[in-house]
Amino acid sequence: MKVLVCVKRVVDFNTRIQVKSDGTGVQLDGVKFSMNPFDEIAVEEAIRLKEAGIASEVVAVSIGNDKSQDTLRSALAMGADSAVLINADQEVQPLAAAKALKTVVEQQQPKLVLMGKQAIDDDANQTGQMLAALLGWPQATFASELVIDGDTANVTREVDAGLETLNVDLPAVVTSDLRLNEPRYIKLPDIMKAKRKPLDTLAMADVAGGETAMIETVKTSAPPQRQAGIKVDSTEALLAELKTRNLV
Amino acid sequence: MSNILVIAEHANGQLNNSTARAVACAKAIGGEVTVLALTASGDEVATAAATIAGVSNVINLQDVSNGHALAATQAPQIAAIADGYSHVLAPNSTFGKDLMPRVAALMDAPMVTDIMAVHDARTFDRPVYAGNAITTVKVPDSVAVVATVRCASWAPEAGEQAAAAVESSANSAALPTHTRFVGLVSEQGDRPDLQAADRVVSGGRGLGAAEHFALVEGLADKLGAAVGASRAAVDSGWVPNDLQVGQTGKIIAPELYIAAGISGAIQHLAGIKDAGTIVAINKDPDAPIFEVADIGLVADLHQVLPELTNAL
Ligand SMILES: Cc1cc2nc3c(=O)[nH]c(=O)nc-3n(C[C@H](O)[C@H](O)[C@H](O)COP(=O)(O)OP(=O)(O)OC[C@H]3O[C@@H](n4cnc5c(N)ncnc54)[C@H](O)[C@@H]3O)c2cc1C
């Protein structure tokens, strides 16, 4: 079974985000970028499926500019067999991303598509579900456990009420939550090996026509900042303060 | 004028309070508000939705597949009736997050996740980068607005209205059979629901061990508070996943939030930005949680939590 895993290059999760004063976006110059942490978990899951003899081949796909090649090389270093870059310099919103990925899915014919539940830049949480809808496939989002069982998969999902389990026919789209696994560290020899693995490039316009960003971003602003309040020095003082503020 | 469809969230015949929050957002957009209840049987959910202030109509769409909320079977039912509506909204709970992108794609519409403020019928604020930036976004006139509503930003209107009309309807869309519900493991005990509670006490890695979480629970019970946790506490297996507060857990807005042994990583803070008063108990004076705490106490939680619990 072939597995397709989708990865996005995003601002590293440890970065302190600065909103530009002219409202045109957030400061991206000189900022560290990495693979979206949820996607890293998706890649790890795909590779574990291969190591377990369940997946035969893992193909990593990314949509973005040339720099997304680095992200794909990381996926290859983790253990993916080949990679496809859908080259786009412009903003690609989830609906357009899902349409582009649909084309790649039709070309590659995977039995499973794995990706992060959300990207930590736009926090949209849409692409996996949209891709599943466009393909007419099952979706299992927010996965914390994935068990392939012949032509179906049992997926445990982190939902507001607890842990829900779905059984879905394959092919399916599964989106990863944080507790699906802990991604491995990449070792130097793997980085060298990854350089020799195939990485194909497709043009965004060739895989999905039409507008890539239908929703206009009018402006970006900094959120209201909470101010540090007071410090108290004992439990009694804390309790007194809570009482004064009518909170207990 | 806008004609807004709000998807009801419910389980076990009970309407979730998130629905009224989504209705509050719909009212800010302005126009007619119709609530769609996708149910397998019964009319409790539809009847409850009809009394939410500001609701004009309720549609109770019944189909056997609606026994469990599965996006794969519910999205086509919604897309089939969404045609006449300018907006389709749902709460940004795991229910809405799972469902609405599937609805949007079936309608060939883009989607707005997590509306926190409304400028006009097509222009909204939404958080990005774990709430460290807010974007104002505009949906073009050519498509319906499909969106989820950030529950913590919208308080349900107080009081009930005289029940709006409830219309029964049946599904006409072809539904897939490729997705099956197997089970739900829920450890919700008698404590208040994390997302609805006025008071929340949360514990983090600083608790040190699973059994020490009892200190958090003891204080929570004294205060009638819900229990929350950081990712580190959930990852350690001390508490179930549904207690996680933050960017990828629950976004909450209690009046009082007490964080014990939580450092205040941006992903955790993303979940408590709208809390009324934040109290931090942490032994590290430089912990980032103190940058946002209204009341901070630099101390060992193993001492403070029992003292506070006993003094209450
Ligand atoms: C993509 C992504 C998403 C994430 N989403 C979330 C999320 O939704 N929610 C979330 O919480 N995290 C999330 N995280 C993780 C987040 O970055 C932090 O790692 C996590 O919040 C840390 O949890 P903590 O504060 O309990 O642990 P730590 O950061 O280890 O902090 C423990 C704190 O306890 C204090 N302490 C220790 N002993 C004592 C004592 N005896 N008395 C008092 N204080 C003590 C320490 O001083 C320290 O400040 C996410 C991370 C990523 C990458």
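None of the values given here were measured: they were computed from a predicted structure.

Below, the discussion takes up helix α4 (residues 94–106) of chain B. An ideal rise of 1.5 Å per residue puts 18 Å on 13 residues; α4(B) measures up with 19 Å between its terminal C-alpha atoms. Taken across its 13 residues, α4(B) has twelve buried, putting it largely inside the fold.

On the basis of which strands lie adjacent, the open sheet formed by four strands has the order β12(A)-β10(B)-β9(B)-β8(B) and antiparallel pairing. In this open sheet, the two strands that pair with only one neighbour each are β12 (216–221) of chain A together with β8 (117–120) of chain B. Geometrically, the sheet is characterised by an average inter-axis angle of 30° between neighbouring strands, direction not taken into account.

Around the ligand sit 30 residues in total, of which B:R205, B:S230, B:V245, B:S263 and B:N282 are the nearest. At the site occupied by the ligand, the surrounding residues belong to chains A and B. Within the backbone of B:R231, one N or O atom sits 2.9 Å away from an oxygen atom of the ligand. One of the side-chain N or O atoms of B:N282 is found 2.7 Å from an oxygen atom in the ligand. Here the ligand, which alone exposes 990 Å², has 85% of that area covered by the protein. Per-class residue counts for the shell around the ligand are eleven nonpolar, 14 polar and five charged.

Quick look at a nonpolar patch on the surface now. A surface patch of nonpolar side chains, about 360 Å² in accessible area, is lined by A:I186, A:L188, A:I191 and A:M192. Along the chain, A:I191 turns up in helix α5 (residues 188–195).

The next subject is the packing of helix α2 (residues 68–78) of chain A against α5(A). All names here are of chain A. Here α2 crosses α5 at 115°, and the two axes come no closer than 8 Å. As α2 runs across α5, the sense of the crossing is right-handed. From α2, R73, L76 and A77 reach across to α5, where they touch D190, I191, A194 and K195. The class makeup of the residues in the contact of α2 with α5 is four nonpolar, no polar and three charged.

Listed in full, the buried residues belonging to helix α7 (residues 235–244) of chain A are A:T235, A:L238, A:L239 and A:L242. For α7(A), the buried positions fall inside an angular range of 95° around the axis, keeping them on one side. Turned more than 90 degrees from where α7(A) packs its buried face, A:E236 and A:T244 sit exposed. Buried-residue contacts for α7(A) involve β13 (230–232) of chain A together with β16 (256–260), β17 (277–282), β18 (295–298) and α8 (301–311) of chain B. Looking one or two residues beyond α7(A), the residue adopting positive phi is A:N246, at roughly 60°.

Residues and elements named next belong to chain B. Residue placement: L305 occurs in helix α8. Residue classification places L305 among the buried residues on the basis of a relative accessible area of 0%. Considered as a pair, L305 and G208 are 97 residues apart in the sequence and their alpha carbons are 14 Å apart. Leaving out residues up to four positions away in the same chain, L305 has contacts with L207, L215, V216, L219, A260 and I281.

Residues and elements named next belong to chain B. Once the domains are mapped, chain B shows domain 1 (3–170) and domain 2 (199–311). Relative placement of domain 1 and domain 2: their C-alpha centres are 31 Å apart. Of the residues lining the interface, six residues belong to domain 1; the matching set on domain 2 comes to eight residues. Broken down residue by residue, the surface that domain 1 buries against domain 2 is led by A130, R150 and A152, which jointly contribute 70%. In this structure, the connection of domain 1 to domain 2 is made through one salt bridge. Put simply, D274 and R150 hold a salt bridge, and the shortest N to O gap is 2.5 Å. In this assembly, domain 1 and domain 2 are joined by one residue pair in polar contact (both at pLDDT 80 or more). Its residues assigned to classes, the side of domain 1 that touches domain 2 shows two nonpolar, three polar and one charged.

Parameters at a glance
Residues numbered from 1 in each chain as written. Chains lettered and ligands numbered in written order. Predicted model: local features only at pLDDT ≥ 70, side-chain atom pairs only at ≥ 80, totals over all residues. Heavy atoms only, no water. Helix = DSSP H or I, 4+ residues; strand = E, 2+ residues; numbered from the N terminus. Expected span 1.5 Å × (residues − 1). Buried < 20%, exposed > 50% of the residue type's maximum accessible area, 1.4 Å probe, protein only. Pairing = 2+ DSSP bridges. Axes fitted to C-alpha atoms, helices over the stretch in contact; angles between N-to-C directions. Near = heavy atom within 4 Å. Polar contact = N/O pair within 3.5 Å; in protein donor to acceptor, adjacent residues only side chain to side chain. Areas by Shrake-Rupley, 256 points an atom, 1.4 Å probe, with all protein chains shown as cover. Nonpolar A, V, L, I, M, F, W, Y, C, P; charged D, E, K, R; others polar. Patch = residues over 30% accessible without salt bridge, like charges linked within 9 Å, V, L, I, M, F, W, Y side chains within 5 Å. Salt bridge = Lys/Arg side-chain N within 4 Å of Asp/Glu carboxyl O. Left-handed = near helix turned anticlockwise from the far one by under 90°. Contact = heavy atoms within 4.5 Å. Arc of directions from axis to C-beta. Domains from an automatic or database assignment. Buried area = accessible area lost by both parts, 1.4 Å probe.

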